[in-house]
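Report on the structure
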Amino acid sequence: MASLDLEEIRRTITELDSQLLTLLAKRKAIALDVARSKQANPRPVRDEEREQALLARLITQGKALGLDAHYITEIYHTILEDSVRSQQVYLQQLVNPESTMAQTKLAYVADSESLFAGQKYLNRQGKALVEWPCKHFKQTIHEVEHGNADLGILPIETTSAGSINEVYDLLQHTSLSIVGEIVLDTEYGLYAPEGVTLPQLTTIYCTPQIAQQSSQFLQQLEQVSLVYCHNSSEALDKAQQNSHGAVICSRQQPQVESLALLQAPVTNQQDNLSRYILIARQAIKVTSQIPAKTTLVLATGQSAGALLNVLSVFKQYNLILTKLESRPIQGNPWEEMFYIDLAANLDAPAMQQALSEITPQTQYLKVLGCYPSNEVKATQVPVAELAKIHHQGEAQSQQSAPKAHADLSHTLGYQLLANVTLGDQEEFAPAAQKLKNAGVQGVLLHFNAPLSNQGLMQHWQTCQRQAKALNLSLILPVKQLGEVAIAAKYADMLYLAGEQMHHVELLEQVGRQHRPVILCRATTTDNDNWLSSASTIMEQGNQQVILCEQGYYQSDVSQLNLTQTCRLKAQTQLPILVHPLGTIAKDELLLLNKDLIALGLSGTIIDSDANEIPKLEKLGALSKLIDQA
């Protein structure tokens, strides 16, 4: 075989990358032609049916080329989002010709993430940024009001800590209008001087806002003092001067490169999203061709049902409320001012009619702004279509590809998986070897002591290495959002217990991972609801979903309803496992699995203990049964 020239391979890759960039630029230019066409013949920017058909066709073509559906989906979500945003910016400039200046002077709180959010916003607008740093939120508003800056940017809410009350209070007393919004995904980490470990820390420095977003992590560090700083630069300086100090900040902070990362993320939510608003002296118009938001502030007084009456008007006109925030009215104890975001264009007839009806019902009403919505929802191919594509590809691979690998959603054989609970990572290697010898193909691994995300990462990393050496699939359970990305890094498959079946955020997060997912049925849940949860995962791009039926199984009393499982198999082509719980005699276990194999199910999960010889013998007998089948 001829030797491969690495430099030649790299040159080829570089040429291909250049070609890809050229094609992406051409596609972007054509997207603007689409916008011009929609200007001449007004239509909404988005055509959901066409986008779904496009993505389904690309997934099918990608499969034929050996490209994973999740890979295709992720790439084209990014391309389609860029196309939509480019068209929106073009159409917005047509209705706001005064906003087409090449550069924008942006007021922001210095040494905060506001600058990064502002850069992201103006990059989308195709404008150059001129920085105008300020000391605090109030000065940011003042600089825009007095014409020193064109725009101001203010954080309004975060997923980890909720609303930023100071900003809401300031909005009530300004003449500025909200003209845009942007969402920034910020990962905060704990950084310390090189060589400092977590147990050695005595002090952590950060801003009050970051501390609020990381409160759950900080509560675990009882021996550490928390020191608030005005900004992240000050926090970084103090951490660098303290041999037992650390800082919580974004990795985008310039000075952070001189420190070592101890842990990330440390925020209460793994997806730590911050929403920012852009403010200007002049309100803008929003074309009806793109989604818009309108923000109001109002006071209703304290009469019975006053707020409910206002909200019922929005419902009457099918106006979707996306945010409701209350703040006390200064000087009027126990009275509230309400801030309301509506997914509606201020100029829409329904919105105008609703405003005319609520005005007599309010003591105070002000429109803070109408602006384009930041959200561009990812195109989702209908689940039925995804399943069809998936199983067409599966049928073709069965005709041409050799049998068997760890991904159950593509495996032809009946799988034997062991469910084990261990004390720590040191117990895994000997247990895994015994289970492998007994014929097990994968291990669903639990630890009987609670571990931090850092502890889980260390344990899972060790177990991954040992499982790989034995050619065993490592299946890791995820119970909360913060564990998903870590588990996906080390697992061959992810596992969601029945109690997580209705945790929509968790299902969506798992759906964004490129790992097969075992989804258990929750107690008393019917097939339709179970499949609906599976659909939530698949809609995010991950079609590798495996259903798991579980329940106690005894000869006289059984919670396993195999009749229901048969009906399920008629409803879906997704792989189905069965996990019988309780103490089951060897003969009974073999008979059950004969039935499961006859039903065409994909495998079983058996509760195991590598230190109990009878249980290993049962696994060995079951493995022989499967081989014979």
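Residues numbered from 1 in each chain as written. Predicted model: local features only at pLDDT ≥ 70, side-chain atom pairs only at ≥ 80, totals over all residues. Heavy atoms only, no water.

Side note on helix 14 (residues 453–469)
With 17 residues, helix 14 should cover 24 Å at 1.5 Å per step; its first-to-last C-alpha distance of 24 Å lies within 8% of that length. All of the buried residues in helix 14 are Gly 455, Leu 456, His 459, Trp 460, Thr 462, Cys 463 and Ala 467. Angularly, the buried residues of helix 14 cover 165° about the axis, an arc narrow enough to put them on a single face. Exposed residues pointing more than 90 degrees away from the buried face of helix 14 are listed as Arg 465, Lys 468 and Ala 469. Among the structural elements, helix 13 (428–437), strand 17 (442–447), strand 18 (473–477) and helix 15 (481–490) are those in contact with the buried residues of helix 14. Of the residues trailing helix 14, Asn 471 is marked for its positive phi of about 60°. (Helix = DSSP H or I, 4+ residues; strand = E, 2+ residues; numbered from the N terminus. Expected span 1.5 Å × (residues − 1). Buried < 20%, exposed > 50% of the residue type's maximum accessible area, 1.4 Å probe, protein only. Arc of directions from axis to C-beta. Contact = heavy atoms within 4.5 Å.)

What to know about the pairing of strand 19 (residues 493–496)
Alternating residues of strand 19 divide into Met 493 and Tyr 495 and Leu 494 and Leu 496, and every residue in both groups is buried. As judged from the three bridges shared by strand 18 and strand 19, these two strands associate in the parallel manner. When the sheet's bridge partners are listed, Pro 477 is paired in strand 19 with Tyr 495. With respect to chirality, the unit in which strand 18 leads through helix 15 into the neighbouring parallel strand 19 is right-handed. With three bridges joining them, strand 19 and strand 20 (residues 517–520) adopt parallel strand pairing. Considered in strand 20, the bridge of Leu 496 is made with Leu 519. (Pairing = 2+ DSSP bridges. Right-handed = clockwise from strand over helix to strand, strands pointing away.)

Re the sheet that holds strand 13 (residues 321–328)
Across a sheet, strands are paired by hydrogen bonds formed along the backbone, either parallel or antiparallel in direction. Ordered in space as 13-14-12-15, the four strands form an open sheet in which the pairing is antiparallel. The two strands at the open ends of the sheet, each matched to only one other strand, are strand 13 and strand 15 (364–372). Neighbour-to-neighbour, the strand axes of this sheet turn through a mean angle of 15°, independent of strand direction. Of the strand pairs in this sheet, strand 12 (residues 292–299) and strand 15 are connected by eight bridges, and their pairing is antiparallel. For Ala 299, the partnering residue across the bridge sits in strand 15 and is Tyr 364. Here helix 11 (residues 349–358) sits on the sheet in contact with strand 12, strand 14 (336–342) and strand 15, set at roughly 0° to strand 12. (Axes fitted to C-alpha atoms, helices over the stretch in contact; angles between N-to-C directions.)

Notes on the packing of helix 16 (residues 504–511) against helix 17 (residues 527–538)
Viewed as axis vectors pointing N to C, helix 16 and helix 17 meet at an angle of 45°, and their least axial separation amounts to 7 Å. When the axis of helix 16 is compared with that of helix 17, the two are oblique. Here Val 504, Leu 507, Glu 508 and Gly 511 of helix 16 come into contact with helix 17, specifically with Ser 533, Thr 536 and Ile 537. (Parallel < 35°, antiparallel > 145°, perpendicular 65-115°, else oblique.)

Side note on the nonpolar core
Counting 65 residues, the largest nonpolar core has Phe 428, Leu 445, Leu 496, Leu 519 and Leu 547 as its most contacted members. For Leu 445, the contacting residues outside a window of four places in its chain are Val 420, Leu 422, Phe 428, Cys 463, Leu 474, Ile 475, Leu 476 and Pro 477. In this structure, Ile 156, Leu 171, Ile 277 and Tyr 371 belong to the second largest nonpolar core, which totals 25 residues. (Core = buried A, V, L, I, M, F, W, Y, C linked by side-chain atoms within 4.5 Å.)

Focus on helix 19 (residues 586–598)
In an α-helix there are 3.6 residues to a turn, and that puts residues three or four apart on one side. Over its 13 residues, helix 19 runs 18 Å from end to end, which matches the ideal 18 Å to within 8%, given 1.5 Å per residue. Those residues of helix 19 not exposed but buried are Glu 588, Leu 589, Leu 590, Leu 592, Asn 593 and Leu 596. Next to the buried residues of helix 19 lie helix 18 (562–571), strand 22 (576–581), strand 23 (603–607) and helix 20 (613–628). At the C-terminal side of helix 19, Gly 600 shows a positive phi close to 80°.

Re the pattern of salt bridges
Summed over the entire model, instances satisfying the criterion amount to 17 salt bridges. The salt bridge involving Asp 169 is made with Arg 327; its shortest N-O contact spans 2.9 Å. Within this pair, whereas Asp 169 is found in helix 6 (residues 165–171), its partner Arg 327 is found in strand 13, the two being separated by 158 residues in sequence. Here Arg 327 falls in the buried class, since its relative accessible area comes to 15%. The salt bridge partner of Glu 234 is Lys 238, with a shortest N-O separation of 3.2 Å. Separated by four residues within a single helix, Glu 234 and Lys 238 lie in helix 9 (residues 232–241), roughly one turn from each other. (Salt bridge = Lys/Arg side-chain N within 4 Å of Asp/Glu carboxyl O.)

Some points on the environment of Leu 190
Examined against the element boundaries, Leu 190 turns out to sit in strand 6 (residues 188–192). Separated by 14 residues in sequence, Leu 190 and Ile 204 have C-alpha atoms that sit 8.6 Å apart. Setting aside residues up to four positions removed in sequence, Leu 190 forms contacts with Leu 198, Leu 201, Ile 204, Phe 217, Ala 246, Val 247, Ile 248, Ala 260, Leu 261, Leu 262, Gln 263 and Val 266.

Let's talk about the sheet that holds strand 8 (residues 225–228)
Taken together, the five strands give an open sheet; going across it, the order is 8-7-9-6-10, and neighbouring strands pair in mixed fashion. The sheet is open, and its two borders are formed by strand 8 and strand 10 (260–263), each paired with just one other strand. Going across the sheet, the axis of each strand differs from the next one's by a mean of 35°, ignoring polarity. Sheet contacts for helix 9: strand 7 (203–206) and strand 9 (245–250); angle to strand 9, the most-contacted strand, approximately 155°.

Considerations on the packing of aromatic side chains
A full pass over the atoms with the stated rule returns one aromatic pair. Judged by centre distance (5.0 Å) and plane angle (65°), the ring pair of Tyr 168 and Tyr 339 falls under edge-to-face. Note that Tyr 168 is positioned in helix 6 and Tyr 339 in strand 14, a separation of 171 residues in sequence. No difference in accessibility class separates Tyr 168 from Tyr 339, as the two residues are buried. (Phe/Tyr/Trp six-rings, centres within 6.5 Å; stacked < 30°, edge-to-face > 60°.)

With respect to a nonpolar patch on the surface
Taken together, Leu 4, Leu 6, Ile 9 and Ile 13 make up a surface patch of nonpolar side chains, about 390 Å² in accessible area. Residue position: Leu 4 is located in the segment before helix 1 (6–40). (Patch = residues over 30% accessible without salt bridge, like charges linked within 9 Å, V, L, I, M, F, W, Y side chains within 5 Å. Areas by Shrake-Rupley, 256 points an atom, 1.4 Å probe, with all protein chains shown as cover.)

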